[in-house]
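# Structural characterization, general
Spelled out, the chains give:
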Amino acid sequence: MTIDQIQQEIIDEFSIYDDWMDKYAYIIEQGNQLAPLDEKYKTPENIIQGCQSRVWLQTDYRNGKLHFQAESDAVIVKGLLALVLRVFNNRTPDEILDSDLRFMKEIGLTEHLSPTRSNGLLSVIKQIRFYAMAYKAKNG
């Protein structure tokens, strides 16, 4: 599936919920399905700056694609990470850099997150795009 198709799938999944409490419950459920990050990756270098809660992002580059693992100590943030990784994981740097990340706005996430959570989520996305640029420059 393309990044856009996965985003549409997420949008469709959220469209069945009318109430934001149900949407938050779904986000938490997504986070509960996120594989735990190995302790060896919970290093200062992998902490995302700009997040109120602690967020770690581990990145590997294999066979021309970026592979991400992430974890947070906050349940909502962990769910948001699960959604973002679903979109960006196992993609080429070009796919990541050329994508228009629209699912957050379309499901209403940007309006329903606190400013600190919103900034944190944007920091994660910015870091993913930074890794994509770096690996593209290094291997391009």
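Below, the structure is looked at part by part. From a predicted model like this one, the values you see are computed outputs, not experimental measurements.

## A look at the nonpolar core
Among the nonpolar cores identified, the biggest contains 42 residues, and F68, F88, F103, L109 and I128 are the most heavily contacted of them. Of all the secondary structure elements, the ones that give two or more residues to this core are α1 (3-15), α2 (20-32), β1 (55-62), β2 (65-72), α3 (75-88), α5 (103-106) and α7 (115-139). It is α3 that contributes the most residues to this core, 10 residues altogether. Beyond its immediate chain neighbours, meaning those up to four positions away, L109 contacts W20, I27, L80, M104 and L121.

## Details of α3
Each α-helix winds once per 3.6 residues, and so residues spaced three or four apart point in a common direction. The end-to-end C-alpha distance of α3, which contains 14 residues, comes to 20 Å, matching closely the 20 Å that a straight helix rising 1.5 Å per residue would cover. Taken across its 14 residues, α3 has 12 buried, putting it largely inside the fold. Among all positions of α3, only I76, V77, K78, G79, L80, L81, A82, L83, V84, L85, V87 and F88 are buried. In the segment just after α3, N90 is the residue with positive phi, at about 65°.

## Structural notes on the packing of α1 against α3
The contact between α1 and α3 brings their axes to 8 Å, and the two run at 145°. Seen from α1, the contacting residues are I3, I6, Q7, E9, I10, E13 and F14; seen from α3, they are L83, R86, V87 and F88. In the contact of α1 with α3, the residues fall into seven nonpolar, one polar and three charged.

## Remarks on the pattern of salt bridges
Inspection of every chain in the model, using the stated rule, returns nine salt bridges. As a salt-bridge pair, R86 and E9 come within 2.8 Å of each other at their nearest N and O atoms. Of this pair, R86 sits in helix α3 while E9 is found in helix α1, placing the two residues 77 residues apart along the sequence. On the accessibility criterion, R86 (23% relative accessible area) is partly exposed. On the basis of relative accessibility, which here comes to 31%, the residue E9 falls in the partly exposed class. Sharing partners across several salt bridges, the network here consists of D4, R102 and E106.

## Re α7
Taking 1.5 Å per residue, 25 residues should reach 36 Å; α7 reaches 36 Å between its end C-alpha atoms and fits that length. Of the surrounding secondary structure, the elements contacted by the buried residues of α7 are β1, β2, α3, α4 (93-98), α5 and α6 (109-112).

## Here's the deal with the pairing of β1
Bridge count between β1 and β2: eight bridges; the pairing is antiparallel. The residue of β2 that forms the bridge with R62 is K65. Where β1 folds back onto β2 in an antiparallel hairpin, the turn is made up of two residues, including N63, whose phi is positive at roughly 50°.

## A few points about the environment of L80
Assignment of secondary structure puts L80 in helix α3. Residues L80 and G31 lie 49 residues apart in sequence; the distance between their C-alpha atoms is 7.0 Å. Apart from residues no more than four positions distant in its own chain, L80 is found in contact with I27, L109, L113 and L121.

Each value, and the rule that gives it
Residues numbered from 1 in each chain as written. Predicted model: local features only at pLDDT ≥ 70, side-chain atom pairs only at ≥ 80, totals over all residues. Heavy atoms only, no water. Core = buried A, V, L, I, M, F, W, Y, C linked by side-chain atoms within 4.5 Å. Buried < 20%, exposed > 50% of the residue type's maximum accessible area, 1.4 Å probe, protein only. Helix = DSSP H or I, 4+ residues; strand = E, 2+ residues; numbered from the N terminus. Contact = heavy atoms within 4.5 Å. Expected span 1.5 Å × (residues − 1). Axes fitted to C-alpha atoms, helices over the stretch in contact; angles between N-to-C directions. Nonpolar A, V, L, I, M, F, W, Y, C, P; charged D, E, K, R; others polar. Salt bridge = Lys/Arg side-chain N within 4 Å of Asp/Glu carboxyl O. Pairing = 2+ DSSP bridges.

Geometry only, nothing functional implied.
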